[in-house]
Amino acid sequence: MDFSVKKLASDAGVFFSRAVQFTQENLGQAEKTELDAHFENLLTRADNTKNWTEKILHQTEVLLQPSPSARVEEFLYEKLDRKAPSRVTTAELLGQYMTEAANDFGPSTPYGQTLIKVGDTQKHLGAAERDFIHSSSINFLTPLRNFLEGDWKTIAKERRILQNRRLDLDACKARLKKSKAAEAKAALEGDALPDFQETRPRNYILSASASALWSDEVDKAEHELRVAQTEFDRQAEVTRLLLEGISSTHVNHLRCLHEFAEAQATYFAQSYQYMLDLQKQLGSSRAELFPVGNTDPASQPLSSSPPPATLPVLQVASSNPGEVPLNPVEVTPPVSGTRKARVLYDYEAADITELALFADELITVYSLPGMDPDWLVGERGNKKGKVPVTYLELLS
């Protein structure tokens, strides 16, 4: 190992002198070269970009992989430059369990058939989730991570160099100031021997008058100041160019954000369609199992009220004796109690008792005695039928 005591001592001396400079600047005992306002704004924007990028990156990783242990495992594989093993999603695992349970209970039984249908849907949901995670990782997480591990590290390195150049420049300014003050003092006091303790080594040999020596000291300090100023200006320009590149980073991250939003929209649209298809399948099988007019308590579903209409729900005639069956032809609107409602989402009618809805249209709605509170009667022209409340915005 190449170990140099002189280099170690020199580095320690530089570190100590700069620590003294920082302390004096914080106490207001030393002058500090200030950067222009535009440069300071660039620094602030760069710091904000770095901090928020870290937070967005971390929270997106949590969204895509909620399990902390799985994230740690993926991080270790990435650092070891090895491919992480393929992991089954929770929805796919649930679908697998449902399919195995159906095979055990009997795939031809009503329960087994339903398990198979729901299990297949869960597998499709898991596959859609896997595609979403893969797309988001490539198109969104990777660019953010590359910025933090690449461009930002370069900016941070150049900023540290600029800070050192500034400290050197301030030290040269302080040295020149002291030299000029000592020169002026020597000119007033005559040829008294000067004290070069702060500007020259102790073994420096005096060979001229004090005034001449201090004049030479001032010349050298001015030369060192010019060199330090040139190096500082050059480094400031390099750092400025890197900081101005943050605008390009924002443009790149904006494009990645659009791709992330599109991938998420595709994932939710696929999930919605899978669940809609499943509900149609379950609705038809439920109508076969529990036909209209079947009042046998043993054959009734566990819940006699219709499911919440958060997604388009296929409604069948309820077997609840207290619920009023709706015949669109026989329904007469009440004298009072009708309201206008704006449709929030498209809704496909499940049967003739329901009214199909189109987003943003206005319809007339009202309730009938004995109706389920999650449903209203809707009218559009000469058409009428049941409509889910969750698809409406009631207007005063």
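The paragraphs below set out a description of the structure included in this document. Since this is a predicted model, take the numbers as computed values, not measurements.

### Looking at helix α2 (residues 37-64)
Across its 28 residues, α2 extends 40 Å between first and last C-alpha, which sits within 8% of the 40 Å expected from 1.5 Å per residue. Residues F39, L42, L43, A46, T49, T53, L57, T60 and L64 constitute the buried set of α2. The opening residue of α2, the one whose side-chain oxygen lies 3.2 Å from the backbone nitrogen of H38, is D36.

### Considering the side chain of T33
For T33, the position within the fold is in the loop between α1 (5-26) and α2. Within the structure, T33 has its side chain in polar contact with the side chain of D170 (distance 2.4 Å). Reaching out from T33, the side chain makes a polar contact with the side chain of K173 at a distance of 3.0 Å. Each residue touching T33, except ones within four places of it in the same chain, is listed here: R166, L169, D170, K173 and F232.

### Comments concerning the side chain of T49
Inspection of the secondary structure puts T49 in helix α2. According to the relative accessible area criterion, T49 is buried, its value standing at 7%. Side-chain polar atoms of T49 contact the backbone oxygen of R45, separated by 2.8 Å. Apart from the residues within four sequence positions on either side, T49 is in contact with F147, I246 and H250.

### A few points about the pattern of salt bridges
Applying the stated rule across the entire model yields 15 salt bridges. Where D47 meets R159, a salt bridge forms, and the shortest distance between an N and an O atom there is 2.7 Å. Of this pair, D47 sits in helix α2 while R159 is found in helix α5 (residues 110-189), placing the two residues 112 residues apart along the sequence. By relative accessible area, which is 23% here, R159 ends up partly exposed. When salt bridges that share partners are traced, they join D36, E237 and R240 into one network.

### A closer look at the environment of I56
Assignment of secondary structure puts I56 in helix α2. Between the C-alpha atoms of I56 and L144, which are 88 residues apart in sequence, the distance is 8.8 Å.

### Thoughts on unusual backbone geometry
Unusually for a residue other than glycine, D360 sits at a positive phi of about 75 degrees. Inspection of the secondary structure puts D360 in the loop between β1 (339-343) and β2 (362-366).

### Topic: the pairing of β1
Note that β1 and β2 share 4 bridges and pair antiparallel. Pairing of K340 across the sheet is with T364, part of β2. Of the strand pairs in this sheet, β1 and strand β5 (residues 392-394) are connected by 3 bridges, and their pairing is antiparallel. Counted as the bridge partner of V343 is L392 from β5.

### Looking at the nonpolar core
F132, F140, W152 and L243 are the most contacted members of the largest nonpolar core, which has 32 residues in total. Elements represented by at least two residues in this core include exactly α2, α5, α6 (210-244) and α7 (246-289). Here the element with the most residues in this core is α5; it accounts for 14 residues. Leaving out residues up to four positions away in the same chain, F140 has contacts with I56, T60, S135, C256, L257 and F260. Y347, I363, L368 and W375 belong to the second largest nonpolar core, which has 16 residues in total.

### What to know about the pairing of strand β3 (residues 375-380)
Burial analysis of β3 places 5 of its 6 residues in the buried class, the great majority of the element. In sequence, β3 turns back onto strand β4 (residues 383-388) through a hairpin of 2 residues, with G381 there showing a positive phi of about 65 degrees.

### Structural notes on a nonpolar patch on the surface
Taken together, the side chains of V72, F75 and L76 make up a nonpolar region of the molecular surface, amounting to roughly 290 Å² of accessible area. Locating V72 in the fold gives a position in helix α3 (residues 68-79). A residue is classified by how much of its surface remains accessible, and V72, at 49% relative accessible area, is partly exposed.

### Focus: helix α4 (residues 90-105)
Compared with an ideal rise of 1.5 Å per residue, which puts 16 residues at 22 Å, α4 spans 22 Å between its outermost C-alpha atoms and is within 8% of the ideal. Looking one or two residues beyond α4, the residue adopting positive phi is G106, at roughly 115 degrees.

### Some points on the packing of aromatic side chains
With the rule as written, the count across this model stands at 9 aromatic pairs. Ring centres of Y347 and W375 lie 6.5 Å apart, and the angle between their planes is 65 degrees; on these two criteria the pair is classed as edge-to-face. Residue Y347 is located in the loop between β1 and β2, and its partner W375 is located in strand β3; the two are separated by 28 residues in the primary sequence. Note on accessibility: Y347 and W375 belong to one class, buried. Here a set of aromatic residues connected by ring pairs shows up, and it is made of F132, F140, F260, Y267 and F268. Above the ring of W52, the side-chain terminus of K55 is found at 4.5 Å from the ring centroid. Across the ring face of W375, the terminal group of K386 is positioned such that the distance to the ring centre comes to 5.6 Å.

Calculation criteria
All residue numbers here refer to positions counted from 1 along the written sequence of the relevant chain. Local features in a predicted model are, by the rule used here, given only for residues with pLDDT of at least 70; side-chain atom pairs are given and counted only at 80 or more, and totals for whole chains, interfaces and linings are based on all residues. Calculation of side-chain values draws on the structure's entire complement of heavy atoms; hydrogens and water are dropped beforehand. The helix and strand labels rest on DSSP assignments: H or I over at least four residues marks a helix, E over at least two residues marks a strand, and numbering proceeds from the N terminus. One less than the residue count of a helix, multiplied by 1.5 Å, gives the span that helix is expected to have. Working definition: with a 1.4 Å probe on protein chains only, accessible area under 20% of the residue-type maximum means buried, over 50% means exposed, and in between means partly exposed. We call two N or O atoms a polar contact when they sit within 3.5 Å, provided that within protein one can donate a hydrogen and the other can accept it, with sequence-adjacent residues counted only if both atoms are side-chain atoms. The contact definition used throughout considers only heavy atoms, calling two residues in contact when any of these lie within 4.5 Å. A carboxyl oxygen of Asp or Glu within 4 Å of a side-chain nitrogen of Lys or Arg is what we treat as a salt bridge. At least two bridges found by DSSP between two strands is the condition for calling them paired. The term nonpolar core refers to a set of buried residues drawn from Ala, Val, Leu, Ile, Met, Phe, Trp, Tyr and Cys, joined through side-chain atoms within 4.5 Å. Exposure above 30% relative accessible area and no salt bridge define the residues that can form patches, which grow by joining like charges within 9 Å and nonpolar side chains of Val, Leu, Ile, Met, Phe, Trp and Tyr within 5 Å. Shrake-Rupley sampling with a 1.4 Å probe provides the accessible areas, and residues are treated as covered by the protein chains on show and by no other component. Stacked, tilted and edge-to-face are the three classes assigned to paired rings of Phe, Tyr and Trp, where Trp is represented by its six-membered ring and a pair needs centres within 6.5 Å; plane angles under 30 degrees give stacked, over 60 edge-to-face, the rest tilted. Charge-over-ring placement is defined geometrically: NZ (Lys) or CZ (Arg) within 6 Å of the ring centre, and within 35 degrees of the ring normal.

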